[in-house]
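Chain residues, written in single-letter form:
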Amino acid sequence: MPRAEAPVLFVVDDDPDIRAMLVKALGTDFTIYEARDGEEARGLFEALPPPQGLVCDVMMPRLDGLGLARILKRSPALERLPILFLTAKGAPLDLVAGINAGARHYVTKPFKVADVVAKVKAMTRPTSP
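Throughout what follows, the structure given in this document is the object of discussion. (Residues numbered from 1 in each chain as written. Predicted model: local features only at pLDDT ≥ 70, side-chain atom pairs only at ≥ 80, totals over all residues. Heavy atoms only, no water.)

**Thoughts on the overall build of the protein chain**
Within the protein chain, the secondary structure is distributed over five helices and five strands. Ordered by position from N to C terminus, the α and β elements of the protein chain give β-α-β-α-β-α-β-α-β-α. By the compact-globule yardstick of 14 Å for 129 residues, the protein chain fits well, its C-alpha radius of gyration being 13 Å. Along the first, second and third principal axes, the C-alpha set of the protein chain runs to 40 × 30 × 30 Å. Counting all 129 residues of the protein chain, 42% fall into the buried class. Of all intrachain contacts in the protein chain linking residues separated by at least 6 positions in sequence, the fraction that spans at least 24 positions is 58%. Carbon and sulfur atoms form 56% of the exposed surface of the protein chain, whose accessible area is close to 7100 Å². Positive and negative side-chain charges in the protein chain, numbering 17 and 16 respectively, have mean positions lying 6 Å apart. (Helix = DSSP H or I, 4+ residues; strand = E, 2+ residues; numbered from the N terminus. Rg over C-alpha atoms; globule rule 2.2 N^0.38 Å. Buried < 20%, exposed > 50% of the residue type's maximum accessible area, 1.4 Å probe, protein only. Contact = heavy atoms within 4.5 Å. Areas by Shrake-Rupley, 256 points an atom, 1.4 Å probe, with all protein chains shown as cover. Lys, Arg positive; Asp, Glu negative; His and termini not counted. Charge placed at Lys NZ, Arg CZ, Asp CG, Glu CD.)

**Here we look at helix H2 (residues 38-47)**
Taken residue by residue, H2 has Gly38, Ala41, Leu44 and Phe45 as its buried positions. The buried residues of H2 occupy an angular sector of 105 degrees when the element is viewed end-on, so they sit on one face. Turned more than 90 degrees away from the buried face of H2, the exposed residues are Glu46 and Ala47. Of the surrounding elements, those touching the buried residues of H2 are strand S1 (8-12), strand S2 (31-35), strand S3 (53-57) and helix H3 (65-73). (Arc of directions from axis to C-beta.)

**Brief notes about the side chain of Asp13**
When you line up the elements, Asp13 lands in the loop between S1 and helix H1 (16-26). The class of Asp13 is buried, set by a relative accessible area of 0%. Side-chain polar atoms of Asp13 contact the backbone nitrogen of Asp15, separated by 2.8 Å. Apart from residues lying up to four places away in sequence, Asp13 is in contact with Ile18, Arg19, Ala35, Arg36, Asp57, Met60 and Lys109. (Polar contact = N/O pair within 3.5 Å; in protein donor to acceptor, adjacent residues only side chain to side chain.)

**Examining the packing of aromatic side chains**
Each aromatic ring pair is specified by the distance between its two centres and by the angle formed by the two planes. Counted under the stated rule, the structure contains three aromatic pairs. Between Phe85 and Tyr106, the ring centres sit 6.4 Å apart and the planes meet at 75 degrees, which makes this aromatic pair edge-to-face. Linking Phe85 in strand S4 (residues 83-87) with Tyr106 in strand S5 (residues 105-108), this pair joins segments that are 21 residues apart in sequence. When its relative accessible area of 0% is taken as the criterion, Phe85 is described as buried. Exposure remark for Tyr106: the relative accessible area of 15% places this residue in the buried category. Counting every residue linked through ring pairs, the aromatic cluster contains Phe10, Tyr33 and Phe45. (Phe/Tyr/Trp six-rings, centres within 6.5 Å; stacked < 30°, edge-to-face > 60°.)

In structure tokens, the structure reads:
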């Protein structure tokens, strides 16, 4: 169970097993809200205060991760939102597309959960003014 002041993280992936694994691995340090695809995630962003980070699959139905990131980055409140993409797409051009969409990290599947947890903690760590 995260502490009351735990940073908020959105986890978006159409695979329920991956979502559950990420929620379990990150849930002790973060308050997590999850969505099955980019459209459902858009609803979270509209209904809740901005999170401290987003872990998002790239290939999803309805609205993919790249499209979601582009939409979010147009909002002044979310333009600096740290994003970690998880994807099976590992070609160099895919990485470039992810970075261009606003990703801070681009992790290919299969991945090591500990690596994802470390990257999420690093990207959501508060920076000094």
